[in-house]
Amino acid sequence: MRTLYVQGDSLLHRLSPRLKLLLLAGASVALFVVSSLPLLGIMAVCSAGLYAMLGLSLRDSWQRLRPILLTIVIVALFTLLVDTPVQAATVLLRLTSLMLLAAAITATTGIGAFIDEITWLALPLERLGLMKASDIGLSVGLVIRFVPEVLLRYISIRDAHYARGLKPRPLTLAVPMIILTLRSADEIAAAIDARGLRGQK
Amino acid sequence: MDIRFEEAEARFEKRLILHPLTLSLSERRIGVIGLNGSGKTTFVRMINGLVTPSSGRVSVNGFDTIKDADRVRAETGFIFQNPQNQIILPILKEDIALGLKSRKLSRELTDAAVEAVLSRFGIAHLADRRAHELSGGELQLAALASVLVSKPGILIMDEPTNQLDLRNRNLVQFTIDGLEESVIVISHDLDLVADFDRLLLFHQGRLAADGNASDVISRYREIAA
Amino acid sequence: MVTRDLVLAALFAAIIIVLGLLPSIMLGFIPVPITAQSLGVMLAGVVLGAKRGMIAVLLVLLIAAIGMPVLSGGRGGLAVFAAPTTGYLIGWVAAAFVTGFLCERLVNREQAGLVQGVSFFIAALIGGVVVLYAFGITYLALVTGMGLSKAFLGSLAFIPGDVLKAVVAALAGRAVMAGYPLLPQRA
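So, how was this worked out
- Residues numbered from 1 in each chain as written.
- Chains lettered and ligands numbered in written order.
- Predicted model: local features only at pLDDT ≥ 70, side-chain atom pairs only at ≥ 80, totals over all residues.
- Heavy atoms only, no water.
- Axes fitted to C-alpha atoms, helices over the stretch in contact; angles between N-to-C directions.
- Helix = DSSP H or I, 4+ residues; strand = E, 2+ residues; numbered from the N terminus.
- Left-handed = near helix turned anticlockwise from the far one by under 90°.
- Contact = heavy atoms within 4.5 Å.
- Buried area = accessible area lost by both parts, 1.4 Å probe.
- Salt bridge = Lys/Arg side-chain N within 4 Å of Asp/Glu carboxyl O.
- Pairing = 2+ DSSP bridges.
- Buried < 20%, exposed > 50% of the residue type's maximum accessible area, 1.4 Å probe, protein only.
- UniProt positions renumbered as here; feature names shortened; annotations may be inferred.
- Right-handed = clockwise from strand over helix to strand, strands pointing away.
- Nonpolar A, V, L, I, M, F, W, Y, C, P; charged D, E, K, R; others polar.

Turning our attention to the packing of helix α2 (residues 37–48) of chain C against helix α7 (residues 159–179) of chain C. All names here are of chain C. Their axes nearest at 9 Å, the elements α2 and α7 cross at an angle of 35°. Seen along the crossing, α2 lies across α7 with a hand that is right-handed. Between α2 and α7, the residues in contact are Ser38, Leu39, Met42, Leu43, Val46 and Val47 and Asp162, Lys165, Ala166, Val168, Ala169, Ala172, Gly173 and Val176, respectively.

Okay, structure coming up:
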C-alpha cells in the first residue's frame, strides 16, 4: 500500500516526530480557543505557508486534501445556511488550518517513526499491565500485510458469483470473505507463537 | 537433537487426538507420514509446544514444552503448511528481522543476519519485495529464512512441498537435503522422505510404525490400500 | 491478550480497509452515497465481540492516522481527524464496542435463527447508529457551533443508509455465527 509520506529534507522532516505531534496538539488547542476572524486568518495563512514548504505540486496537494477539504466546505456552507456568515468563516478557517498542519506532519513523518512514537506512548500502559507496547507495531504490520490478501479473496469471491451467474450482493460477498479471512487466524497466530515473536514467558 | 515423549497424549475438547506415546528422536532427518487426520500434525505441534500434552510430558533438548515454552521455541523452528500465513509483515526483510528482535541486536548486525539468511536460500534479491507478491516457491524459501534466521537447531516442516510445482518441489527437497539443522518433515510426498534416517507412521491417533524408510513406507501402503 | 485475538483483530482491520476500497453505491431512495466501510465497523462488533471488534477499529484509525489512505474515498493522514465529521471516526470505536458488547449478551448459539437475527440487528442499530450518531452529531455541533438540533438535521440524510447496514450486519452476523462462530458468549 502506498503511504502519504513524502521523502524530503525540509525543516519539518528534520524535526522529531514527538515534537511535531506536540506542536500539532498545541496548534489545535490554539485554533479552537481563538475566535477572532483576523487572527484565525493569520493562522490559516501560516499553516498554508508551512504546508507550502513541502514543495508539493498543486495537483498533488489537491489529490491529497480534496476529500477532507470538500467535507469542510460542505459543512461551512451548511453553517452559512443555518448560522451566521462569521460562524461559517470561523469553521472554514479553523478546520482548513488544522487540516493543512496535520497533512504537513503526515507528509513529513514516516510510518516507522510514527509507530515508534505510538509504541513509546503506550509504554505506561504496558507498565500498568494493560497491553504489550510492541504489539502495536506487530499488529499494524499484520494489517498492512494482509490487506492485499483480503482484497484478492474479495475479488475471487466476486468472480465466483459471476462464474455461477449470480449477482454479487453485500451479504453474499461479505460473509465468505469474513469466514475465509478469519480462518487463517489460527495458523497466523501459531506462526507468531512458534517464532516466539511476542516473547511470552 | 534430543526429543522425548513420555506417555504424552493430546486431547482436543476432551477428544483423544493422540494416544499416549513414548519415544525419543535423535536422528538428523525424520519423516512423519500417515493418512489425513491420523494425528501427524498434532504430533509435530507437540514438539514445539503449540499443542501441549494433556497428560505425560514432551521435552526438547531437556526443556519441557510447557514449563520452558520459550526455550523450546528457540530450539525448534516450525514451517507451516501454508507459507502464506507464515510471513506476517508486509516487506520480506522486515519480517525476517522480526525474528531477531528479541535478541536486541544493533541495526547493522540485524541487517547482516537478514542478508546472510536470505543469501543462504538464494533469495537476497527479494529482500525489499512485498510478501503478497512472492510466488509459491519463493514464499516457501522465505518461510524457511524467516524461521532459520533465529538459528533453531531443529526444523519442523508440515508438508513443505504441498501445492508446489515440480521445479519448486525439487528446490525444496534440495534445500532440505543441504540443511545442517535436524529436520522433522510431515509429507504426503513419499519420494521426499524416502531416504530419510527414520520414518514414523501415524494411524488413527497412534504410532503405527517406526523404523527405516522402506519398511515404514510399505506398511503405509498396506494401510492406505 | 492471546496471539489469536490479536491476529483476529488485525485481520478484521484488513477487512474493514478492503470494504473501504469498494466503490460507494447510490440507492434510489437515499440522497447520499453509501460506503461499505462503516458496515465493516458494525460487522467487527457483530463477529468478534466488544474487545476484539474495538481493537480492529482502533487499528484502522491508527493506520489512517500514521499516513496510509485506508479510509473510504482514499482518505488518510492526520488531516482526516481535522474534518467536521471526525466525530464519526471517533464514534466508530464506541460503535464497534457497544455493538459487540450487546451481541455478546443478547445472542447465543442455542437461540432460534429469528431471535438471533433480531438481536444482532438491535445491537448493530444501537451501537452502529445510535451511539455512532451521538458522537458524530455532538462533535459536528461543537466544531461548527451550530447547535445539536441543526447538526442532527445535517446528518439526517445518512441515517437510512446506516439502518440498512445494520440489517446487512445482522444477517451477516447470523451467517458467520453458523459458519465460523467467534463471538464470545456471555449470559
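A word on the interface of chain A and chain C. Each partner contributes to the interface: chain A provides 62 residues, whereas chain C provides 56 residues. Across the chain A to chain C interface the summed buried area is about 4,900 Å²; carbon plus sulfur atoms make up 82%. Looking at the side of chain A facing chain C, the largest losses of area belong to Val143, Ile178 and Leu182 of chain A, adding up to 12% of the total buried there. Across the contact surface, chain A and chain C share one salt bridge.

A few words now on the environment of leucine 4 of chain A. Here leucine 4 of chain A shows up in the segment before α1 (11–14). Excluding residues within four positions of it along the chain, leucine 4 of chain A makes contact with Arg64, Thr106 and Ala107 of chain A together with Gly67, Pro69, Gly76 and Gly77 of chain C.

Residues and elements named next belong to chain B. Examined bridge by bridge, strand β1 (residues 3–12) and strand β2 (residues 15–25) share seven bridges and lie antiparallel to one another. Note on β2: the bridge partner recorded for phenylalanine 5 is leucine 23. If you look at the hairpin formed by β1 and β2, you'll find two residues sitting between the two strands, and glutamate 13 has a positive phi there, around 45°.

Further remarks concern the pattern of salt bridges. Across all of its chains, the model carries 25 salt bridges over all chains by this definition. The salt bridge involving arginine 219 of chain B is made with glutamate 222 of chain B; its shortest N-O contact spans 3.3 Å. Residue arginine 219 of chain B and its partner glutamate 222 of chain B are both found in helix α8 (residues 213–224); the two are separated by three residues, about one turn of the helix. Residue classification places arginine 219 of chain B among the partly exposed residues on the basis of a relative accessible area of 34%. Owing to a relative accessible area of 54%, glutamate 222 of chain B belongs among the exposed residues under this scheme. Salt-bridge contacts for aspartate 162 of chain C lead to lysine 165 of chain C; the nearest nitrogen and oxygen are separated by 3.1 Å. Here lysine 165 of chain C and aspartate 162 of chain C lie together in helix α7, a separation of three residues that amounts to about one turn.

Before going further, it helps to spend a moment on unusual backbone geometry. Residues and elements named next belong to chain B. One non-glycine residue, glutamate 13, lies in the positive phi region at around 45°. Positionally, glutamate 13 belongs in the loop between β1 and β2. Phi is positive for glutamine 204, close to 50°, though the residue is something other than glycine. Among the structural elements, glutamine 204 can be located in the loop between β9 (198–203) and β10 (206–211). By relative accessible area, glutamine 204 is classed as exposed at 62%.

Turning our eyes to something else, we now look at the environment of methionine 146 of chain C. Relative to the assigned elements, methionine 146 of chain C resides in the loop between α5 (113–144) and α6 (148–155). With a relative accessible area of 5%, methionine 146 of chain C lands in the buried category. Setting aside residues up to four positions removed in sequence, methionine 146 of chain C forms contacts with Val75, Phe78, Thr79, Val82 and Asp83 of chain A together with Ala141 and Ala151 of chain C.

The feature "domain: ABC transporter" (unreviewed entry), as annotated in UniProt, sits at residues 3–225 of chain B in this numbering. Taken end to end, residues 3–225 of chain B is 35% helix and 27% strand, and its first and last C-alpha atoms sit 32 Å apart.

The next thing to look at is helix α1 (residues 40–47) of chain B. Counted residue by residue, α1 of chain B has six buried out of eight residues, so it is predominantly covered. One or two positions beyond α1 of chain B, positive phi appears at glycine 49 of chain B, with a value near 85°.

So, on to the pairing of strand β7 (residues 154–158) of chain B. Residues and elements named next belong to chain B. In terms of burial, β7 is largely enclosed, as five of its five residues are buried. Residues Ile154, Ile156 and Asp158 point to one face of β7 and Leu155 and Met157 to the other, with burial holding for every one of them. Inspection of the sheet shows strand β6 (residues 76–79) paired to β7 by four bridges, in the parallel sense. Bridged to glycine 77 within β7 is leucine 155. The sheet contact formed by β7 and strand β8 (residues 182–186) spans five bridges and is parallel. Across the sheet, residue aspartate 158 finds its bridge partner in β8, namely isoleucine 186. Handedness of the crossover is the feature at issue here: the chain leaves β7, passes through helix α6 (residues 166–178), returns alongside β8, and the resulting connection is right-handed.

As a further point, take the interface of chain A and chain B. Contacts between the two partners involve 23 residues from chain A and, on the opposite side, 27 residues from chain B. Buried surface at the junction of chain A and chain B, both sides included, amounts to about 2,100 Å², of which 56% is carbon and sulfur. Broken down residue by residue, the surface that chain A buries against chain B is led by Arg145, Glu187 and Arg195 of chain A, which jointly contribute 35%. Applying the counting criterion to the chain A and chain B interface returns one salt bridge. Put simply, arginine 195 of chain A and aspartate 95 of chain B hold a salt bridge, and the shortest N to O gap is 3.1 Å. Within the residue set of the side of chain A that touches chain B, elements represented by two or more residues are α7 (134–163) and α9 (185–194) of chain A. No other element matches α7 of chain A, which puts nine residues into the side of chain A that touches chain B. In terms of residue class, the side of chain A that touches chain B is made up of 12 nonpolar, five polar and six charged.

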